[in-house]
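Overview (structure and organization)
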Amino acid sequence: MVTSNAQSEDQRINVTKTFLPSIDSYASILQRAWDNVWLTNRGELILELEEKLKEILGMDNILIMNNGTIPIQIALKLLGNHGEIITTPFSYVATSSAIIWENCKPVFVDIEGDGWTLDPQKLEEAITPNTTCILATHVFGNPCDVENIDRIAQKHNLKVIYDAAHCFGVKYKGKSVFSYGDVSTCSFHATKIFHTGEGGASFCNDSELRKKIYYSHNFGHNGPLDFHGLGINGKISELQAAMGLAVLPHMKDIYSERKRAVEFYNAHIDFNRYTRLKIRDNTEWNYSYYPILFKTETALLDAQEMFNAKSIFPRRYFYPSLNAIPYINGQAMPVSEDIASRVLCLPLYAGIAEKELNRIVHILNQ
Ligand SMILES: *Cc1c(COP(=O)(O)O)cnc(C)c1O
């Protein structure tokens, strides 16, 4: 029984596979936490990871946290003012649920048909006197139309938060995509391209805003007696930072392994039958996901059944369109609903074998 389970587990191909550094390299970094007898509260591993990320990403104002959702909530707490938040229906549920959790109101604006990010042409008609922020997702690491979104936001005096959970390493027009908008957030969850097990970060261009974000993630205080208002616990631990420090040296290999798989799919999938995501011009992409669009939802469901029968588990990222989630009182979002019904993310991770990629493409093209 155990043996046969283990065998079928071996053959199983999931949509992603967490990159694990050698346990020895992780242990040697953890040793420093043991030596310090210090497991959290901005210990040396946290500070070192932050410094390295600053350098790699070219961002001065970064704060790493315990996941990628708390930074969204903190940004909305500081900038949302319980108002209407214009947001995308095509994202992971955390983008919408954070808005409702912070007692703000999500107002959806539909997405562009080829890049699947918030459509700035439909943005202005959604703005009301109660609008305070725009919260858009650079979905699958594909940058939003940041110029037009930022221009409209400035015209109407709105703040811009980008859910950049998928964007580790992405550059747009030569600089980190995290540098656009007022705040960008990233996730370092185990399924994301760079990870700390659980983790995330907040990025901004304003050191005063970073201070507010810092206080907010640390119960509102700075040191035991220095209070700066309401806060929550968004702190990352040394154990998670150690994982980040152990993964970071492998990022070049992770990108190139994923690039290899993406190029294989690009070369072998029959694109008379499927459409792929159009990455915005001037983007240095990170190969974080491989979504394809089927002609119909029925075709997608049939393919999913064939994949699953062969122990291959692509995922319907992102389905349903967030406006259709029961606790969200959604408006109709025809483009997003259509894309969400037909999109499937294919397995993509460092170390995926050519044999496995071949099995996947064979099913798609048959
Ligand atoms: C993963 C993800 C999040 C949440 O990040 P966590 O680290 O899991 O809290 C938010 N938004 C998007 C688009 C995501 O994919």
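Our structure is the block above this text.
The paragraphs below set out a description of the structure included in this document. These numbers were taken from a predicted model, which means no experiment stands behind them.

Backbone torsion omega between Tyr 317 and Phe 318 reads -5°, so that peptide bond is classified as cis. With respect to the helices and strands, the residue Phe 318 is situated in the loop between strand S14 (312-313) and helix H11 (334-342). The omega torsion across Tyr 319 and Pro 320 is -5°, close enough to zero to call that bond cis. Within the secondary structure, Pro 320 sits in the loop between S14 and H11. Positive phi, normally seen in glycine, also occurs at Asn 41, with a value near 50°. Tracing the sequence through the fold places Asn 41 in the loop between helix H2 (23-36) and helix H3 (44-57). Even without being glycine, Lys 173 reaches a positive phi, approximately 50°. Relative to the assigned elements, Lys 173 resides in the loop between strand S7 (171-172) and strand S8 (175-176). A relative accessible area of 46% means that Lys 173 is categorised as partly exposed.

What follows deals with the site of the ligand. With respect to spatial proximity, 13 residues lie near the ligand, and among them Thr 69, Asp 163, His 166, Ser 187 and Lys 192 are the closest. Here an oxygen atom of the ligand and a backbone polar atom of Gly 68 are 2.7 Å apart. One of the side-chain nitrogen or oxygen atoms of His 166 is found 2.7 Å away from an oxygen atom of the ligand. For the ligand, whose free accessible area comes to 380 Å², the fraction covered by protein is 91%. Taken together, the residues of the shell around the ligand sort by class into three nonpolar, eight polar and two charged.

Spatially, S2-S10-S9-S6-S5-S3-S4 is the arrangement adopted by the seven strands of the open sheet, whose pairing is mixed. Two strands bound the open sheet, and with one partner strand each, they are strand S2 (61-65) and strand S4 (105-108). On average, each strand axis in the sheet is inclined to that of its neighbour by 25°, with strand direction left out of account. The sheet contact formed by strand S6 (residues 159-163) and strand S9 (residues 183-187) spans three bridges and is parallel.

Conventions we followed
Residues numbered from 1 in each chain as written. Predicted model: local features only at pLDDT ≥ 70, side-chain atom pairs only at ≥ 80, totals over all residues. Heavy atoms only, no water. Helix = DSSP H or I, 4+ residues; strand = E, 2+ residues; numbered from the N terminus. Buried < 20%, exposed > 50% of the residue type's maximum accessible area, 1.4 Å probe, protein only. Near = heavy atom within 4 Å. Polar contact = N/O pair within 3.5 Å; in protein donor to acceptor, adjacent residues only side chain to side chain. Areas by Shrake-Rupley, 256 points an atom, 1.4 Å probe, with all protein chains shown as cover. Nonpolar A, V, L, I, M, F, W, Y, C, P; charged D, E, K, R; others polar. Pairing = 2+ DSSP bridges. Axes fitted to C-alpha atoms, helices over the stretch in contact; angles between N-to-C directions.

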